[in-house]
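The chain contents come next:
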Amino acid sequence: MNEFTPEQEQFITEIVARLCRRYADVIEKLATEVHALTMVLVEKRLITIDRIEAARRQLDLAYDLTQALQIRALIKDIDELETG
């Protein structure tokens, strides 16, 4: 059963879409700045490609761990709803 009018649902959808676009813009700008900074640091030999690769591997592991924790929490929530 839907508790929202079509107008309310449309309004919520538009707000969420706008927020997501803003977050995407911020993330894109941040990524551009990190890329530029990394290029300068490598060029000035203040950081090595090996260090960047190691950082990427750590980020990959952190992402995988976060995904696993989110799945675990989701399973727990589903189990609680089913046993409710």
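Residues numbered from 1 in each chain as written. Predicted model: local features only at pLDDT ≥ 70, side-chain atom pairs only at ≥ 80, totals over all residues. Heavy atoms only, no water.

1. Here we look at the overall build of the chain
Along the chain, the regular secondary structure elements total 2 helices and 0 strands. For the chain, whose C-alpha radius of gyration is 21 Å, the value lies well above the compact-globule estimate of 12 Å for 84 residues. If you line up the chain on its principal axes, its C-alpha atoms span 60 × 35 × 10 Å. With 84 residues in all, the chain has 0% of them scored as buried. Of the accessible surface of the chain, which amounts to about 8200 Å², a share of 63% is contributed by carbon and sulfur atoms. Looking at the chain, you have 11 positive and 16 negative side-chain charges, and the mean spots of the two groups are 12 Å apart. (Helix = DSSP H or I, 4+ residues; strand = E, 2+ residues; numbered from the N terminus. Rg over C-alpha atoms; globule rule 2.2 N^0.38 Å. Buried < 20%, exposed > 50% of the residue type's maximum accessible area, 1.4 Å probe, protein only. Areas by Shrake-Rupley, 256 points an atom, 1.4 Å probe, with all protein chains shown as cover. Lys, Arg positive; Asp, Glu negative; His and termini not counted. Charge placed at Lys NZ, Arg CZ, Asp CG, Glu CD.)

2. With respect to unusual backbone geometry
The phi angle at R45 is positive, at roughly 60°, despite the residue not being glycine. Along the chain, the position of R45 falls in the loop between α1 (6–43) and α2 (49–83).

3. A word on α1
For an α-helix, the turn length of 3.6 residues means that residues three or four places apart are oriented alike. Between its first and last C-alpha atoms α1 spans 55 Å; for 38 residues at 1.5 Å apiece the expected length is 56 Å, and the two agree. Of the residues one or two after α1, R45 is the one with positive phi, at around 60°. (Expected span 1.5 Å × (residues − 1).)

4. Here we look at a nonpolar patch on the surface
On the surface, F4, F11, I12 and V16 cluster together to form a nonpolar patch covering roughly 390 Å² of accessible area. Along the chain, F11 turns up in helix α1. By relative accessible area, F11 is classed as exposed at 54%. (Patch = residues over 30% accessible without salt bridge, like charges linked within 9 Å, V, L, I, M, F, W, Y side chains within 5 Å. Salt bridge = Lys/Arg side-chain N within 4 Å of Asp/Glu carboxyl O.)

5. Comments concerning the environment of T38
Looking at the secondary structure, you find T38 in helix α1. Measuring from C-alpha to C-alpha, the distance between T38 and I49 comes to 9.8 Å, with 11 residues separating the pair along the chain.

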